[in-house]
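Observations on the three-dimensional arrangement
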Amino acid sequence: MSGSISLQILTPLGSAVPPAEGSKEPRESVEVPGVEVPGLYGELGVLPDHVPFITPVVPGVVRYREGETSERLAVGAGFVEVTEDGRVAIMIERAVRSADVKVAEVTARLKEVTAELDKKTDAIDALEHRKLANEQAWLEAQLRASN
Amino acid sequence: MANLKEIRKRIKTVKNTRKITSAMSRIAGARLARAQNAAKAARPYGERLAEVVAGLMGSLDDGGSLHPLLEKRDNVKRVGLILMTADRGLCGGFNTKANRAAKKFILEQEKQGREVVIITCGKKGNSFLRHAEFDVFRHHDAPTLETVVSSAKAIATEASTMFTAAEDDAEVQRVDRWVLVYNYFKNALTQEIRTAPVLPFPEPEVGEPALSPVFEPEPKKLLEHLLPVALESLLQQAMFNSIAAELAARRMAMDSATDNASELIDDLTLEFNRERQAAITKELMEIIGGAEALKG
C-alpha cells in the first residue's frame, strides 16, 4: 500500500495539473491520496491500489486533495485509465481549473445554447444538435466546478 | 548620373525587403519554439491514448473489427482526401509539396475509377485544388495552436459521418477510405510530406499487455467511445506537425531570402562605388583636359 497515487491529467494542449505554488508551468503529475472522476456510469472515486481499469469520462468535475488544499477541475469528455502500478491518467479533451472558470461568460453562453437546443428538435439537425449538446454539457460542468 | 541614382534607389528597396524578410524569419523562429512546445505538451495525451487503444484492441479476439470505424472495405468506390496546408504562403516549398502530393494522389485514384472527395484544411491547398479544377467538398482554415482541438473535431466528425454512411444514402456520400496528406515536422530543418491512412482507423501494433485491465463498459462498447477520440487525436497530432513544419519552412525560406538580399546589396554597392569612381575619374579627366587646352 503506497498510500498515494500519481495523477496525470492530460489534454491535447498539454498537462492540466495545476502548477505548484510559485510556478506557472503545469506539472506533469501530482501525488494525491485519491481522486474523484465523473465516469460514464456515475461519479467514481479512485483510491490507492485500485484494480487496473479503463472507463470513459463524461463532462463533469474532477476533485482531489493535495495536502490541505482541495482542487476542482471542470473536464470535458475523455477517458480515465488506472494502471497496475498505481498511476491514474485522465485523458480529456479539455480541462479548466474551477478558479479559472469565467462564470459570467459561461452562464451567458449556456443560456444561448440551451435556447438554441430547445429550437432544434428535428432529426435533420442531428449533427448540430449533438454539437450543441456537447457544448451545453461542457458549460454546465464548468459551472458545477466553480461553485 | 541617372544610373547612380537608380542604383541607390535599388539598394534602398532591397534593404527594405531585407528588413521585412529578416523580421518574418525572426517571428517564425519565435513562433516555432512555441509550436514545438505545444506539440511536445500534446504528445503524452496522444501516446497514452494510443496505448489504451492498442491495449483494448489487443484484448479483443477479433481485433475489434466489428466496429464501423475499423471496417476495411474491399470494394473502394470513393476515397476521401484531407489536405493540410497553411493559410499563407512565403514558406518555401511547404504548400507546393503538399499540393503536388495531393494532386498526384487524386489523379492516381481517378485513374483507378474512384471518385475522390476532398476536404482541405488551409487556404493554400484549397485555392490550389480549385484552380486545378477539382471539386473541394469542404474547406477549413488552417488551425492555429488554439484551435487545433475544435478543428480536429470538426474534420473527424465529417470524415467519420461520411465513412459510416449507408451505401445508398441519398444525402451523405459514402466514403470508403480516408487519407491524410500533411507535412510532418521531422526537425527544424526538414519537413516531410506524409500520406497517412485515417479511416478505416489504422490498427495499432498490439503488444502483450502485462495485465489486462478491467474495461468498463465491456471492450466493444468502450471502443465506440474511444475510437472517435483516437481519430481526433490522430488529426490533432498531424495538425501540430503541420503548424510546426510551416513555421520551420517559413523561417528557412525567409533566412535564405535575407541572405540573398544581403548578397544583392553587396553587389549593388560594389557597382554603385564603381560607377561613382568612374564619374569622378571622368570629371577629373575633363578638368585636366580643359586645363591642358588652356595652357596650350
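Residues numbered from 1 in each chain as written. Chains lettered and ligands numbered in written order. Predicted model: local features only at pLDDT ≥ 70, side-chain atom pairs only at ≥ 80, totals over all residues. Heavy atoms only, no water.

Within chain A, the secondary structure is distributed over two helices and eleven strands. Reading the helices (α) and strands (β) of chain A from amino to carboxyl end gives β-β-β-β-β-β-β-β-β-β-β-α-α. Here chain A, with 147 residues, has 44% of them falling under the buried criterion. By sequence separation, contacts in chain A at least 24 residues apart represent 54% of the contacts at least 6 residues apart. Distance between charge centroids for chain A: 6 Å, based on 16 positive and 24 negative side chains. (Helix = DSSP H or I, 4+ residues; strand = E, 2+ residues; numbered from the N terminus. Buried < 20%, exposed > 50% of the residue type's maximum accessible area, 1.4 Å probe, protein only. Contact = heavy atoms within 4.5 Å. Lys, Arg positive; Asp, Glu negative; His and termini not counted. Charge placed at Lys NZ, Arg CZ, Asp CG, Glu CD.)

So, on to the sheet that holds strand β3 (residues 138–140) of chain B. All names here are of chain B. If you walk across this open sheet you meet the five strands as β3-β2-β1-β4-β5, and the pairing is mixed. The sheet is open, and its two edges are formed by β3 and β5 (191–199), each paired on a single side. Strand-to-strand, the axes of this sheet are offset by a mean angle of 20°, without reference to chain direction. Here strand β2 (residues 115–121) pairs with β3 via three bridges, running parallel. Bridge pairing in β3 places C121 opposite H140. Sitting on the sheet, helix α5 (residues 219–295) is in contact with β1 (78–84), β2, β4 (177–185) and β5, with an inclination near 35° to β4. (Pairing = 2+ DSSP bridges. Axes fitted to C-alpha atoms, helices over the stretch in contact; angles between N-to-C directions.)

Grouped together as the largest cluster of nonpolar side chains are 62 residues, with contacts concentrated most on M91 of chain A together with M84, W178, L180, L199, F201 and L235 of chain B. Of all the secondary structure elements, the ones that give two or more residues to this core are β10 (87–92) of chain A together with α1 (2–59), β1, β2, α4 (148–164), β4, β5 and α5 of chain B. Of all the elements, α5 of chain B adds the most residues to this core, at 17 residues. Here M91 of chain A is in contact with L10, A77, G78, F79 and E81 of chain A together with Y45, R48, L49 and V52 of chain B, once residues within four sequence places are set aside. Judged by nonpolar contacts, the second largest core, of 22 residues, contains I5, V17, V80 and V82 of chain A. (Core = buried A, V, L, I, M, F, W, Y, C linked by side-chain atoms within 4.5 Å.)

Moving on, we come to the packing of aromatic side chains. All names here are of chain B. For the structure on display, the rule yields zero aromatic pairs over all chains. The ring of F163 has R73 sitting right over it, with the charged end atom 4.3 Å from the ring centre. Between R194 and the ring centre of Y184, over which it is positioned, the NZ or CZ distance is 3.6 Å. (Phe/Tyr/Trp six-rings, centres within 6.5 Å; stacked < 30°, edge-to-face > 60°. Lys NZ or Arg CZ within 6 Å of the ring centre and 35° of its normal.)

A few words on a nonpolar patch on the surface. Taken together, the side chains of L284, I287 and I288 of chain B make up a nonpolar region of the molecular surface, amounting to roughly 300 Å² of accessible area. Among the structural elements, I287 of chain B can be located in helix α5. (Patch = residues over 30% accessible without salt bridge, like charges linked within 9 Å, V, L, I, M, F, W, Y side chains within 5 Å. Areas by Shrake-Rupley, 256 points an atom, 1.4 Å probe, with all protein chains shown as cover. Salt bridge = Lys/Arg side-chain N within 4 Å of Asp/Glu carboxyl O.)

All names here are of chain B. With 17 residues, α4 should cover 24 Å at 1.5 Å per step; its first-to-last C-alpha distance of 24 Å lies within 8% of that length. Listed in full, the buried residues belonging to α4 are V148, V149, S151, A152, I155, A156, E158, A159, S160, M162 and F163. Looking at the buried side of α4, the elements it contacts are β1, β2, β3, β4, β5 and α5. (Expected span 1.5 Å × (residues − 1).)

Residues and elements named next belong to chain B. For chain B, the domain assignment lists domain 1 (2–21 + 255–295) and domain 2 (23–253). Centre-to-centre separation of domain 1 and domain 2, based on C-alpha positions: 54 Å. The partner domain 2 presents six residues to the six residues of domain 1 that form the contact. For the pair domain 1 and domain 2, the two sides together bury roughly 450 Å², of which 33% comes from carbon and sulfur. Counting across the interface, domain 1 meets domain 2 through zero salt bridges. Summed over the shared surface of domain 1 and domain 2, the result is 13 residue pairs in polar contact (both at pLDDT 80 or more). Of all the secondary structure elements, the ones that give two or more residues to the side of domain 1 that touches domain 2 are α1 and α5. Grouping the amino acids of the side of domain 1 that touches domain 2 by side-chain chemistry returns two nonpolar, two polar and two charged. (Domains from an automatic or database assignment. Buried area = accessible area lost by both parts, 1.4 Å probe. Polar contact = N/O pair within 3.5 Å; in protein donor to acceptor, adjacent residues only side chain to side chain. Nonpolar A, V, L, I, M, F, W, Y, C, P; charged D, E, K, R; others polar.)

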